[in-house]
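Per-entry structural report
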Amino acid sequence: MIYHRPTANKILFNAFFLLLLVSGFSVSAQTDIAAGKTLFSNNCAQCHNPIKDGTGPALQGVTSRVSDKALLHSWIKNNNAVLATGNPYFTDLYNKRGKTSMNIFSSLTDAEIDNILAYVETYKAPVVDNTTPDGKQEDSDNSLLYGVLTLILAVITLILLQVNSNLKKLSDDKEGVPAHEPVPFYRNKAYISTFAVVLFIIVGYYAVQAAIGLGRNKGYQPEQPIYYSHKVHAGTNQISCLYCHGGAFEGRHANVPSVNVCMNCHMQINEYGAASEKLYREDGTEVNGTTEIQKIYAASGWDPKLKKYTGKEKPIEWTKIHNLPDHVYFNHSQHTRAGQVQCQTCHGPIQEMPEVKQFADLSMGWCINCHRESKVNFYDAKTGEGNKFYSIYEKLHNDMENKKVDSVTVEMIGGTECQKCHY
């Protein structure tokens, strides 16, 4: 008799091992795609969508359009270097996109780029279920549609009420019931009062919304007399914000830097390099960087040929972007120096903005929420570490030492008291 059980066990074991191996590869792929999604969100999502054109082209299918994987890696890490080789595909793409250079991602590894590409190629548009509250698209606004439908229903209701009144009159006439003279719609007190209440609610709502939004300029981006790119200065050239806006660290106001601060660098830098990233305004028109530098010379009275000041100065009429109401007290140094708050917290990714715009609405609610949530770098009396500005808060030091609190927020040191900002 032949005993087959050991053979069967081996077959089952091998099948089980193969299944585990395949599962392992599957999990690894999912992990790579998940990592690619994170990398895509942090590096690419500002300009690209996997399946729709945006500032940059839709990325899905790029691995089939560019079969040379090494070339694709090189393009993502330093597109200017690839353009310099004259590659026809990328040169044509560059020209079609308005000759706007892509950001350089030299810090990404080949494995990270492969993760991004894996996410892009497997991306599927999310299916939106409009029957549930969670399925509503955030950027859709149906207020106007609902308003029109409400108005139509109101008109239909009034018509039906009038028809009902006429039918009742005909019925009363047929039965010999004496009928009262109907009151016209425009003289009916019930109708008039209902209309007045509805009108009061609608007008009141929009009046309150307009009053709340008065003076808020989120997204405000005026065109300045000289094109100044924070992306070039703070981003590409890594110039510290405090070099130009030293007042933000020393005093209440950040201050617009004087033209002398600009001349500290541009006395030597008199032209915008041909190899540098091209500059564009919001409307897509190209900016000549060298011409903008000449405007600085005209304002300061500097003669680049003679290398000296002529004394013919002209003030630069910058347009102020960030404005707070007169009754609000805000101290930059209290935030940047004492609170060690980064500029980007309030001004957004300023190092990525070609032209500055207002990032936040700077409303009281926005400030209060930040004070409630932001943890301060509190001073530790035992180790002597942390921000010594907060060394005077004895009670909070004791509370932390006794484990009553594990951290201190701005609110706990008076950040939501009215007189801190209004007095």
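Above this text you will find the structure in question.
First, a word on scope: everything that follows refers to the structure included in this document. Bear in mind that the values here come from a model prediction, so they are computed numbers and not experimental data.

Notes on unusual backbone geometry
The phi torsion at Q238 lies on the positive side, around 55°, for a residue other than glycine. For Q238, the position within the fold is in the loop between α9 (230–236) and α10 (241–244). Among the residues examined, Q238 registers a relative accessible area of 62% and is labelled exposed. The phi torsion at L362 lies on the positive side, around 55°, for a residue other than glycine.

Things to note about the nonpolar core
Grouped together as the largest cluster of nonpolar side chains are 21 residues, with contacts concentrated most on F40, L72, I76, F90, L108 and I116. Among the secondary structure elements, those contributing two or more residues to this core are α1 (5–43), α3 (69–77), α4 (79–84), α5 (88–96) and α6 (110–122). Among the elements that make up this core, the one with the highest residue count is α6 (five residues). Excluding residues that lie within four positions of it along the chain, F90 makes contacts with V66, L71, L72, W75, V82 and L83.

Digging into the side chain of N387
With respect to the secondary-structure elements, N387 resides in the loop between α16 (364–373) and α17 (394–401). The buried category is assigned to N387, whose relative accessible area is 8%. Those residues in contact with N387, other than ones at most four positions away along the chain, are R337, A338, G339, Q340, N377, F378 and Y379.

Things to note about the packing of aromatic side chains
Under the definition given, this model contains 10 aromatic pairs. Between the aromatic rings of W75 and F90, the centroid separation amounts to 4.2 Å while the plane-to-plane angle is 15°, which identifies the pairing as stacked. With W75 in helix α3 and F90 in helix α5, this residue pair connects regions lying 15 residues apart in the sequence. F90 gets classed as buried once you look at its relative accessible area, which sits at 3%. Plain terms: the ring middles of Y390 and Y393 are 6.3 Å apart, the flat faces sit at 40° to each other, and that makes the pair tilted. Overall, Y393 belongs to the partly exposed group, its relative accessible area being 25%. Three or more aromatic residues link up through ring pairs in this structure, and these residues are F378, F389, Y390 and Y393.

Quick notes on the rules
Residues numbered from 1 in each chain as written. Predicted model: local features only at pLDDT ≥ 70, side-chain atom pairs only at ≥ 80, totals over all residues. Heavy atoms only, no water. Helix = DSSP H or I, 4+ residues; strand = E, 2+ residues; numbered from the N terminus. Buried < 20%, exposed > 50% of the residue type's maximum accessible area, 1.4 Å probe, protein only. Core = buried A, V, L, I, M, F, W, Y, C linked by side-chain atoms within 4.5 Å. Contact = heavy atoms within 4.5 Å. Phe/Tyr/Trp six-rings, centres within 6.5 Å; stacked < 30°, edge-to-face > 60°.

Shape descriptors only; they carry no functional weight alone.
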